[in-house]
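Here is how the chains run, residue by residue.
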Amino acid sequence: MSMRFFFFLILSLAVFGVACSKKGSEPPALTAERKAEFDTTFNSLKLNVDISEYNRVFGEPALTLPRTVTIANMVVRRHAPPRKVEESFSYIEHLYVNPYFYVQVLTDEAGKVGMYSITARTAGYAPTINTVFGHPISLGKSVYEDLQAAARKIGADFTKPEQNAYYEILVTNAEEPEIAVAGTNPLGYVEKVGNFPEKSDEIFVKWFLLTGTDFPMSEEHDTFRKNTTINTYSRAATWCRGLDNTGGGTNLGAASIHIGPSPAQLASIKK
């Protein structure tokens, strides 16, 4: 490497760092080739592999945190009153931070990947993701109506207007079902968020029938889905309990694991 090229590289990185450190500023525009490379990378991500595969692609995570998830279920047995049973599961959450996106990965204690999420960060790059349903979406551009599939469960947090969060859990009907989550994370790039007057100022979840005949839940919900941008896409292995699949649990608010990064995580990185 020539000395001239070395100093040019250092200067370029310094300028890039200053540009990205300015609050609210957009990082430099990506070329079409670089966008295509990122898209290829995202669509090649796998579950049930070792976390070292993600480190090889994205570098060392900006944050690695142990997580304990406690799930409560009601057990009903014949000739016995229903009883509440709690189970706890230990995971490790890894967060990779890039000026153009966040990648969140959840592993078991041995490092096997059970869930990952991709969150778009800028208006200039909308990752094109090939969903488990066979049609693509553009994170930061597509809306929930574009999913072309009924959700099994939805979750929403409207307690803070400036940090509205929403997600839909979808399950394929294949012999080996795949679990996907489409979400709107307040820390990612959001082109638009609709109104949901039925469920304002609260955290809520709702399950839907396998047939999808009761989805969406109302005309207002339908309108919200047509006017709200998806900026996060996640996949989860069936064994991973980090994605709360119970009737009352959620991956928002005070939950240990969010769909995409949480404000507390980013605050700890900046300290």
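Above: the structure in question.
A few points on the structure. In every chain, residue numbers begin from 1 and rise along the written sequence. Selection of residues for local features in this predicted model requires a pLDDT of at least 70, selection of side-chain atom pairs for listing and counting requires 80 or more, and totals for whole chains, interfaces and linings are taken over all residues. Side-chain numbers come from the whole structure's heavy atoms, not from hydrogens or water.

Thoughts on the overall build of the chain
A run of H or I in DSSP counts as a helix once it spans at least four residues, and a run of E counts as a strand once it spans at least two, with each numbered from the N terminus. On a plain count of helices and strands, the chain comes out with five helices and eleven strands. Out of the 271 residues belonging to the chain, those deemed buried represent 42%. Two residues form a contact once any of their heavy atoms are found within 4.5 Å. For the chain, contacts bridging at least 24 residues in sequence account for 63% of all contacts bridging at least 6. Shrake-Rupley sampling with a 1.4 Å probe provides the accessible areas, and residues are treated as covered by the protein chains on show and by no other component. As presented, the chain carries roughly 14400 Å² of accessible surface, and 53% of it is formed by carbon and sulfur atoms. A 1.4 Å probe rolled over the protein chains alone gives each residue an accessible area, and that area as a share of the maximum for its type sets the label: buried under 20%, exposed over 50%, partly exposed in between.

Observations concerning unusual backbone geometry
Going from Phe215 to Pro216, the amide bond is cis rather than trans, its omega being -5 degrees. Along the chain, the position of Pro216 falls in the loop between strand 10 (203-207) and helix 4 (219-226). A positive phi angle, near 65 degrees, is found at Asn48, a position not held by glycine. One non-glycine residue with positive phi stands out, namely Gln148, at about 60 degrees. Topologically, Gln148 is positioned in the loop between strand 6 (136-138) and strand 7 (153-157).

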